Amino acid sequence: MIKIPERLNKYEVYVPGKPLEEAKRELGLDRIVKLASNENPFGPSPRAIEVMRQALNSVHIYPDTGSYYLTRKLSEIYRIPEDNILVGPGSAIITKWLTFALVEDGEEGITADKTFLIYKIAMQETRGNLIEVPVKDYSYDLDAIADRVTERTKIIFIANPNNPTGTLIRRREFEAFMARVPDHVLVVYDEAYREYVDDEEHPCGEDYLQRYSNLVVLRTFSKAYGLAGMRIGYALFADPRVKEAVWKVVPPFPVTYLAQKAALAALDDVDFVKMSFDRNREGKKYLYSEFERLGVRYLKSQTNFIFVIPDHDARDIVRRLFQKGIIVRHTRAFGAPEAFRVSVGTLEENREFIKALEEVLEEISGNSN
Ligand SMILES: Cc1ncc(COP(=O)(O)O)c(C=O)c1O
């Protein structure tokens, strides 16, 4: 019998939701509204769809391992050398490559206690430890994180804006933090929701690549570009030595040909990203006003989802919404059992979600009377 390593017993694993078709069958519903994974509800960029159609005839050929054309384009956009750019099958996988390549026995990572799960998952696959620093008012507490840095610290993960809370670290705060972090600590600055931010004080990762040699910026095509199913994202490294080191653990052909083609086209589709941003902003405005009408506490968001902190048990609400065909994400696994996260959908989906939420809240208050 194969011996399974003991350490795997302690692993937290990412628990995916059921396929939509399965959920429909289980509930006996023909329509389900999925607002659980922060995807773009308006589909992929139409330009990306067009190039993928044309590219279908070439998928018998292995893709280019280094995503040559996309890397070149990103190098032009950000005005940094190609040697500082790494394209991978989503920024979550790139996070795993970073920790796998760089974190050694006994070294430490630091992040917030209510943040994106992959940082923890990536760290547990190394022989290092992760320190989770409590958030302050549901935002990253950068001072407290900087206070925890020691000689052993190797990596700090920051999602800005944060998932699941949707909160933003502003420029001044980020710069003060970076000034405190010694340059032996790699700061992974994850901007997955960057295209949705409308706060002018947002620190854009690429603006700091010259200033901080210990910075790596993560970006994805999964959100505003509408390509979550293609699996593609990238990292911008301040220091090409770090990119070179990480590249050593990358398997051959990590990104499919279709994904590379789609990403190139999506980057050019400025109108689609603008439309996604505008509609998302309208969607948030609608949801905020409905939460206020219903007396439900929520946090203003700089992303395409909203963190909702109901008075009643969040898990129960999530379960009741599911029975009505609305899927949202309970945030227990993110360290926030008191809340759930709802992605901003189309206008129609948002309305259906609010209608179901209103019914659920009525059911609950009816039960407790
Ligand atoms: C903060 C954050 N980073 C990264 C990702 C993952 O992006 P990708 O699809 O590129 O792996 C997500 C997805 O939910 C996220 O919330």
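Since the model is a prediction, treat every value here as computed from it, not as a measurement.

Engineer: So what about the pairing of strand β2 (residues 85-88)? Which residues, and what values?
Structural biologist: Burial along β2 is two-sided: the residues Ile85 and Val87 and Leu86 and Gly88 are all buried. Strand direction decides the pairing type here: β2 and strand β8 (residues 233-237), joined by four bridges, are antiparallel. Across the sheet, residue Leu86 finds its bridge partner in β8, namely Ala235.

Engineer: Talk me through the sheet that holds strand β9 (residues 297-298); I want residue IDs and the actual numbers.
Structural biologist: Strand order in the open sheet made by the four strands is β9-β10-β13-β12, with antiparallel pairing throughout. At either end of the open sheet lies a strand with only one pairing partner, and these are β9 and β12 (329-330).

Engineer: Residues and numbers for the domain arrangement of the protein, please.
Structural biologist: Looking at the assigned domains, one finds that the protein contains domain 1 (6-44 + 271-368) and domain 2 (46-269). Summarising the inter-unit geometry, the C-alpha centres of domain 1 and domain 2 are found 25 Å apart. On the side of domain 2, 32 residues touch domain 1, which itself brings 30 residues to the contact. Where the side of domain 1 that touches domain 2 is concerned, the elements lending two or more residues are α10 (270-294) and β10 (305-309). It is α10 that contributes the most residues to the side of domain 1 that touches domain 2, seven residues altogether. Here the residues of the side of domain 1 that touches domain 2 sort into 14 nonpolar, eleven polar and five charged.

Engineer: Can you lay out the site of the ligand for me, pointing to particular residues and giving the numbers?
Structural biologist: Around the ligand there are 13 residues in total, and Gly90, Ala92, Asn163, Thr220 and Ser222 lie nearest to it. When grouped by side-chain class, the residues that make up the shell around the ligand number five nonpolar, seven polar and one charged.

Thresholds, definitions, all that
Residues numbered from 1 in each chain as written. Predicted model: local features only at pLDDT ≥ 70, side-chain atom pairs only at ≥ 80, totals over all residues. Buried ≥ 20, exposed ≤ 12 C-beta atoms within 10 Å, placed from the backbone. Helix = DSSP H or I, 4+ residues; strand = E, 2+ residues; numbered from the N terminus. Pairing = 2+ DSSP bridges. Domains from an automatic or database assignment. Contact = placed C-beta atoms within 7 Å. Nonpolar A, V, L, I, M, F, W, Y, C, P; charged D, E, K, R; others polar. Near = placed C-beta within 6 Å.

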